[in-house]
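Architecture and fold: a report
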Amino acid sequence: MDFIAEYGLFLAKALTVVFSVLLIMFFFFAANQRAKVGEEGRIEVKKLNESLDSLTDSLKTAILPISAQKKEQKRQKKERKMKAKGTEEEKSKAFIIDFKGDVQASAVASLREEITAVLAVAEESDEVLVRLESPGGVVHGYGLAASQLKRVRNKNIRLTVSVDKVAASGGYMMACIADNIISAPFALLGSIGVVAQIPNFHRLLKKNEVDFELVTAGEYKRTLTVFGENTEKGREKFAEELEDIHLLFKDFVSENRPSVSIEEVATGEAWFGTRALERKLVDELKTSDEYILELCAERDVFQVQYIQNKNRLDRFFERLTRIGKNSFDEVNNLPQNFIR
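Below you will find a few notes about this structure.

The rules behind the values
Residues numbered from 1 in each chain as written. Predicted model: local features only at pLDDT ≥ 70, side-chain atom pairs only at ≥ 80, totals over all residues. Heavy atoms only, no water. Core = buried A, V, L, I, M, F, W, Y, C linked by side-chain atoms within 4.5 Å. Buried < 20%, exposed > 50% of the residue type's maximum accessible area, 1.4 Å probe, protein only. Contact = heavy atoms within 4.5 Å. Helix = DSSP H or I, 4+ residues; strand = E, 2+ residues; numbered from the N terminus. 1 Å grid on protein atoms, 1.4 Å probe; cavity = no way out; pocket = protein on both sides within 12 Å on 5 of 7 lines; lining within 4 Å. Points joined across faces, edges and corners; volume = space filled by probe spheres on them. Nonpolar A, V, L, I, M, F, W, Y, C, P; charged D, E, K, R; others polar. Lys, Arg positive; Asp, Glu negative; His and termini not counted. Salt bridge = Lys/Arg side-chain N within 4 Å of Asp/Glu carboxyl O. Polar contact = N/O pair within 3.5 Å; in protein donor to acceptor, adjacent residues only side chain to side chain. Pairing = 2+ DSSP bridges. Right-handed = clockwise from strand over helix to strand, strands pointing away.

Next up on the list: the nonpolar core. By size, the foremost hydrophobic cluster in this structure holds 47 residues, and its most contacted members are V130, Y172 and M174. Beyond its immediate sequence surroundings of up to four residues, Y172 is in contact with A167, I181, L189, G190, I192, V253, R257 and L281. One finds L129, Y291, L295 and C296 within the second-largest nonpolar core, a separate group that totals 10 residues.

This brings us to unusual backbone geometry. In this structure, A105 is a non-glycine residue whose phi angle is positive, near 55°. As for its position among the elements, A105 is in the loop between strand 2 (93–100) and helix 4 (108–121).

Put simply, the second largest pocket is a space of about 590 Å³. Lining the second largest pocket are 23 residues, with G137, V139, S169, V194 and V195 sitting closest to its centre. Mapped by element, the contributors of at least two residues to the lining of the second largest pocket are helix 5 (139–154), helix 6 (170–175) and helix 8 (232–256). Grouping the constituent residues of the lining of the second largest pocket by class yields 12 nonpolar, 11 polar and no charged.

Another point: the environment of V139. Here V139 is to be found in helix 5. Between the C-alpha atoms of V139 and Q104, which are 35 residues apart in sequence, the distance is 8.8 Å.

Below, the discussion takes up the side chain of E114. With respect to the secondary-structure elements, E114 resides in helix 4. Of the buried charged residues, E114 lacks a salt bridge, with R151 as the closest side chain of opposite charge at 10 Å. Polar side-chain contacts of E114 include one of 2.9 Å to the backbone nitrogen of Y306. Ignoring any residue separated from it by four or fewer positions in sequence, one finds E114 in contact with I43, I97, D98, V304, Q305 and Y306.

In this section: the pairing of strand 3 (residues 127–134). With respect to burial, strand 3 is a largely interior element, 6 of its 8 residues being buried. Note that strand 2 and strand 3 share 7 bridges and pair parallel. Along strand 3, the bridge assignment pairs F95 with V128. Between strand 2 and its parallel partner strand 3, the chain crosses via helix 4, and the hand of that crossover is right-handed. The sheet contact formed by strand 3 and strand 4 (residues 158–168) spans 7 bridges and is parallel. Counted as the bridge partner of E127 is R158 from strand 4.

Here it is in structure tokens:
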């Protein structure tokens, strides 16, 4: 029995050493792979006209009578020959960019690359369509995202923003840059307001005789704190700062959409697309799918997406996170559709 116990202990130690070595080698390999990647990401472009033609051709083949199918096949063959010879009439272009925003507006990292790539090839006769979805978030993040869209306007290129679900607060700050805002009838827009909330544990610390020291240089270096004792003066200053941000937000919307009655809409409320149209927050009710079909009839339409390169370690942890999230959702049967 002593021999078995000692052998088990030895085996456990050996396995621990081997596992540690393998773990170090894995991290070293992952870091090496990261170093080998010459670029952080790449631009992927997909021509949507071809995807749409492929779908419609498949449907026509299925539903047309035999005689009509032969005529359609001849027409398609003729079009392919014209494209191969380069005799097809050159059209203006439309570029589609997707922005799905979180609280930190982290998608701005991809947006800036996509905008840069598009502006390198776009002409004034072209158009940029941004399919926007965001409930808003931090001021500086969405301020930068709006500035990225402003680059398109500064180049005198038509900018359209399409909202199928939500563009509220910082999301609407981005949307209002556009020459044209289209919205699905039940998309949510507006929320031109500012909110901040901070928990305070001072009384809990005081009750448990825990001291908290906060040292600052500058009268308003800190206004409200999480652990310190907040004062009325600090609260007033904090509210003053929020009011100033709200004023900047209202001025920004007024500058970009002068037709809007800003005092009517800058209450922090959000409206569904139909009501937003009445308040001139949007220009027309239409889904992005409808608008893209219209673009495809008149222009060459390209979907532009920035793909960030990921090493094996990143992909491993991303896969692990996805598996964990899916398992959690299944166990708890979480509802996916709700309005906050």
